[in-house]
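Examination of the molecular architecture
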Amino acid sequence: MVMKELYDFLGRLAENNNREWFAEHKPEYERLRAAWIEDLQKLIDRMAMWEPSLAHVQARDCLYRIYRDTRFSNDKTPYKTYFSALISPTGRHCDRACYYFHQGVDESAIYGGVWCPEPKVLKKLRKAIVDNIEEFREIVEAPDVEKNFPGWWGRKLKTAPKGYDRDHPDIEFLRLTEFGKAHNFSREFFERPDWIEQTSRLFEMLKPMNDFLNYSIDE
């Protein structure tokens, strides 16, 4: 698809974030959304080459709606200014380590990891990391990961979690309440003819981390 059209539409939506404008431009939105779904399916199929659990995943099951939930938000604008999808064997409904794809006015990026784990799951993950710290460091500090996914994305505690000393040698990991890695893109990246292959390659760098996290959750 022509990515310039997508970003142009999202930019105009950001400037006219109201139901009247959106209704007037609904055919354009639906055309761009259909093209985006088509590309997302190509990306998922490419990822399935190295992640067999995605082999039968349909792009439509991974999509998030463009309509915002404004019930508990001070921002009452009705529409998101981005397209997004959570890629996992169970589509967008996933409470394990997975992959997330985001294209928007203010940010375009991919993410991998675990978001908002329940307290008992977070406790398991911390224990697994401490018990297997050499393996975990080897995974998350691999040269390709550090180069393309620097630092950690997500929330973290200001001090040590209960049961751990603040001077613990692995405190940088123990303070995390989410385990996420992110890679940001320029808009121009998506004009490349090989952007789907390159995005899949980047996601693949996070597979060892996601495998470690999911094994720890299931153990």
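As a reminder, the structure under discussion sits directly above these lines.
The structure contained in this document is the topic of the report that follows. Bear in mind that the values here come from a model prediction, so they are computed numbers and not experimental data. (Residues numbered from 1 in each chain as written. Predicted model: local features only at pLDDT ≥ 70, side-chain atom pairs only at ≥ 80, totals over all residues. Heavy atoms only, no water.)

Side note on the overall build of the protein chain
Within the protein chain one finds nine helices and four strands. Reading the secondary structure of the protein chain in the N-to-C direction produces α-α-α-β-β-β-α-α-α-α-β-α-α. A globule of 219 residues ought to have a C-alpha radius of gyration of about 17 Å, and the protein chain, at 19 Å, matches this closely. The dimensions of the protein chain, computed from C-alpha atoms along their principal axes, are 55 × 40 × 30 Å. Here the protein chain has roughly 12200 Å² of accessible surface; of this, 49% comes from carbon and sulfur atoms. The average position of the 34 basic charges and that of the 38 acidic charges among the side chains of the protein chain differ by 5 Å. (Helix = DSSP H or I, 4+ residues; strand = E, 2+ residues; numbered from the N terminus. Rg over C-alpha atoms; globule rule 2.2 N^0.38 Å. Areas by Shrake-Rupley, 256 points an atom, 1.4 Å probe, with all protein chains shown as cover. Lys, Arg positive; Asp, Glu negative; His and termini not counted. Charge placed at Lys NZ, Arg CZ, Asp CG, Glu CD.)

Digging into the pairing of strand β2 (residues 98-104)
Burial runs high along β2: seven of the seven residues are buried. The two faces of β2 match: Cys98, Tyr100, His102 and Gly104 on one face and Tyr99, Phe101 and Gln103 on the other face are all buried. Pairing of strand β1 (residues 82-87) with β2 involves six bridges; the strand directions are antiparallel. Paired with Leu86 across the strands is Tyr100, a residue of β2. Bridging between β2 and strand β3 (residues 108-114) involves six bridges; their strand directions are antiparallel. (Buried < 20%, exposed > 50% of the residue type's maximum accessible area, 1.4 Å probe, protein only. Pairing = 2+ DSSP bridges.)

Some details on the environment of Asn148
With respect to the helices, strands and loops of the structure, Asn148 is situated in helix α6 (residues 143-148). Distance in space between the C-alpha atoms of Asn148 and Ile129 is 22 Å, their sequence separation being 19 residues. In this view, Asn148 contacts Ala182, His183, Leu202 and Met205; residues no more than four positions away in its chain are not counted. (Contact = heavy atoms within 4.5 Å.)

A closer look at the side chain of Thr199
As for its position among the elements, Thr199 is in helix α8 (residues 195-205). There is a polar contact of 2.7 Å between the side chain of Thr199 and the backbone oxygen of Trp195. Those residues within four positions of Thr199 in sequence are excluded, and the remaining contacts are Leu43, Ile110, Phe185 and Phe189. (Polar contact = N/O pair within 3.5 Å; in protein donor to acceptor, adjacent residues only side chain to side chain.)

Let's talk about the side chain of Thr177
Checked against the element boundaries, Thr177 lands in the loop between α7 (171-174) and β4 (179-184). Within the structure, Thr177 has its side chain in polar contact with the backbone oxygen of Arg155 (distance 3.0 Å). Once residues lying within four places of it in the same chain are set aside, the contact partners of Thr177 are Pro117, Leu122, Arg126, Arg155, Lys156 and Leu157.

Let's talk about the packing of aromatic side chains
Under the defined criterion, the tally for this structure stands at 26 aromatic pairs. Arranged with centres 5.7 Å apart and planes meeting at 80 degrees, the rings of Trp50 and Tyr99 form a pair that is edge-to-face. Placement of Trp50 in the loop between α3 (26-47) and β1 and of Tyr99 in strand β2 is noted, with a sequence separation of 49 residues between them. Accessibility classification places Trp50 together with Tyr99 in one group, the buried group. The cationic tip of Lys181 hangs over the ring face of Trp152; the distance from NZ or CZ to the ring centre is 4.3 Å. (Phe/Tyr/Trp six-rings, centres within 6.5 Å; stacked < 30°, edge-to-face > 60°. Lys NZ or Arg CZ within 6 Å of the ring centre and 35° of its normal.)

Description of the sheet that holds β3
Ordered by their spatial adjacency, four strands build an open sheet running β1-β2-β3-β4, and the pairing between neighbours is antiparallel. The open sheet has two edge strands with one neighbour each: β1 and β4. With strand direction ignored, the average angle separating the axes of adjacent strands in the sheet is 15 degrees. Sitting on the sheet, α3 is in contact with β1 and β2, with an inclination near 30 degrees to β1. (Axes fitted to C-alpha atoms, helices over the stretch in contact; angles between N-to-C directions.)

Comments concerning the nonpolar core
Counting 60 residues, the largest nonpolar core has Leu40 and Ile87 as the members making the most contacts within it. Residue contributions to this core peak at eight residues, all from α3. Contacts of Ile87, omitting those with residues within four sequence positions, involve Leu40, Leu43, Ile44, Met47, Leu54, Cys62, Cys98, Tyr99 and Phe203. Among the nonpolar cores identified, the runner-up in size contains six residues, and Leu86, Tyr100, Ala109 and Ala182 belong to it. (Core = buried A, V, L, I, M, F, W, Y, C linked by side-chain atoms within 4.5 Å.)

Focus: the pattern of salt bridges
A side chain with one charge can pair with a side chain of the opposite charge if their charged atoms come near. Under the definition given, this model contains 16 salt bridges. Of the charged contacts, one joins Arg137 and Glu141 as a salt bridge, the two residues approaching to 2.6 Å between their closest N and O atoms. Since its relative accessible area comes to 33%, Glu141 is described here as partly exposed. (Salt bridge = Lys/Arg side-chain N within 4 Å of Asp/Glu carboxyl O.)

So far we have only geometry, and geometry alone does not tell us how the molecule works.
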